[in-house]
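In case you want the letters, here they are:
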Amino acid sequence: MQQKLAHIALVVRDYDEAIHFYTEKLSFDLIEDTKLSDTKRWVIVAPKGSDSCNLLLAKAASEEQLGRVGNQTGGRVFLFLHTDNLQRDYEALQSKGVIFVRMPATEAWGTVAVFKDLYGNLWDLIEPSK
């Protein structure tokens, strides 16, 4: 048996503002944006060069879902983005206005910095040790 994660749903307030953030600020690729109904779209974004799991941007469709936007994990880091050059990506993201809540730090397993997405979800930007 072989399995893999295909998508992680990220609840967002608005499709277009989320697409803008992920493609313009984080430089992700827009993989798909398909209209499913008047209120629902299938929107997938992924880091450049990613060949594995990607993000499904899912617009909140109820008050309960809207309440989860930006805090899907109760304040813990939600997503982990690996890079081959943390300093380069840290500087590029900062120049685009991405907010870092933890500056780069070296750990036994690599270098990490923590940033917020447009809704406040926390991400680890990680350059693993070689």
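Residues numbered from 1 in each chain as written. Predicted model: local features only at pLDDT ≥ 70, side-chain atom pairs only at ≥ 80, totals over all residues. Heavy atoms only, no water.

### Here we look at unusual backbone geometry
Of note, Ser-27 is a non-glycine position whose phi angle comes to about 60°, a positive value. Mapping Ser-27 onto the fold places it in the loop between α1 (15-25) and β2 (29-35). (Helix = DSSP H or I, 4+ residues; strand = E, 2+ residues; numbered from the N terminus.)

### Some remarks on the UniProt feature "domain: VOC" (unreviewed entry) in the protein chain
According to UniProt, the "domain: VOC" (unreviewed entry) feature falls on residues 4-128. Taken end to end, residues 4-128 has its terminal C-alpha atoms 21 Å apart, with 20% of it in helix and 42% in strand. (UniProt positions renumbered as here; feature names shortened; annotations may be inferred.)

### Some thoughts on the nonpolar core
Core analysis: the largest hydrophobic core is formed by 29 residues, its most contacted members being Tyr-22, Leu-55 and Leu-57. Where this core is concerned, the elements lending two or more residues are β1 (7-12), α1, β3 (41-46), β4 (54-59), β5 (77-82), α3 (86-95), β7 (110-116) and β8 (122-128). In terms of residue count, the dominant contributor to this core is α1 (five residues). The residue makeup of this core includes at least three contributed by each of domain 1 (1-69) and domain 2 (72-129). Excluding residues within four positions of it along the chain, Leu-55 makes contact with Ile-8, Leu-10, Tyr-22, Phe-28, Val-43, Ile-44, Val-45, Leu-79 and Trp-123. (Core = buried A, V, L, I, M, F, W, Y, C linked by side-chain atoms within 4.5 Å. Buried < 20%, exposed > 50% of the residue type's maximum accessible area, 1.4 Å probe, protein only. Domains from an automatic or database assignment. Contact = heavy atoms within 4.5 Å.)

### Remarks on the sheet that holds β2
As summarised here, the arrangement of the four strands in space is β1-β4-β3-β2, forming an open sheet in which the pairing is mixed. In this open sheet, the two edge strands, each paired with only one partner strand, are β1 and β2. Between one strand axis and the next, the sheet turns by 25° as a mean value, whatever way the strands run. Pairing geometry for β3 and β4, over three bridges, is antiparallel. Paired with Ile-44 across the bridge in β4 is Leu-56. (Pairing = 2+ DSSP bridges. Axes fitted to C-alpha atoms, helices over the stretch in contact; angles between N-to-C directions.)

### A word on the pairing of β8
Looking along a regular strand, one sees the side chains alternate between the two faces of the sheet. Most of β8 is tucked away, with six of its seven residues classed as buried. Summarising the sheet, β5 and β8 pair through five bridges and their orientation is parallel. Within the sheet, the bridge partner assigned to Val-77 lies in β8 and is Leu-122. In this structure, the hairpin formed by β7 and β8 is closed by a connection of five residues, where Gly-120 is found at a positive phi of approximately 110°.

### Some points on the packing of aromatic side chains
As enumerated under the stated definition, the model contains seven aromatic pairs in all. Centre to centre, the rings of Phe-21 and Tyr-22 are 5.1 Å apart; their planes meet at 85°, and the pair counts as edge-to-face. For Tyr-22, a relative accessible area of 0% puts it in the buried group. Between the aromatic rings of Tyr-90 and Phe-100, the centroid separation amounts to 4.6 Å while the plane-to-plane angle is 70°, which identifies the pairing as edge-to-face. One end of the pair, Tyr-90, is in helix α3; the other, Phe-100, is in strand β6 (residues 100-107), with ten residues separating them in the sequence. Taken as a pair, Tyr-90 and Phe-100 share a single burial class, namely buried. (Phe/Tyr/Trp six-rings, centres within 6.5 Å; stacked < 30°, edge-to-face > 60°.)

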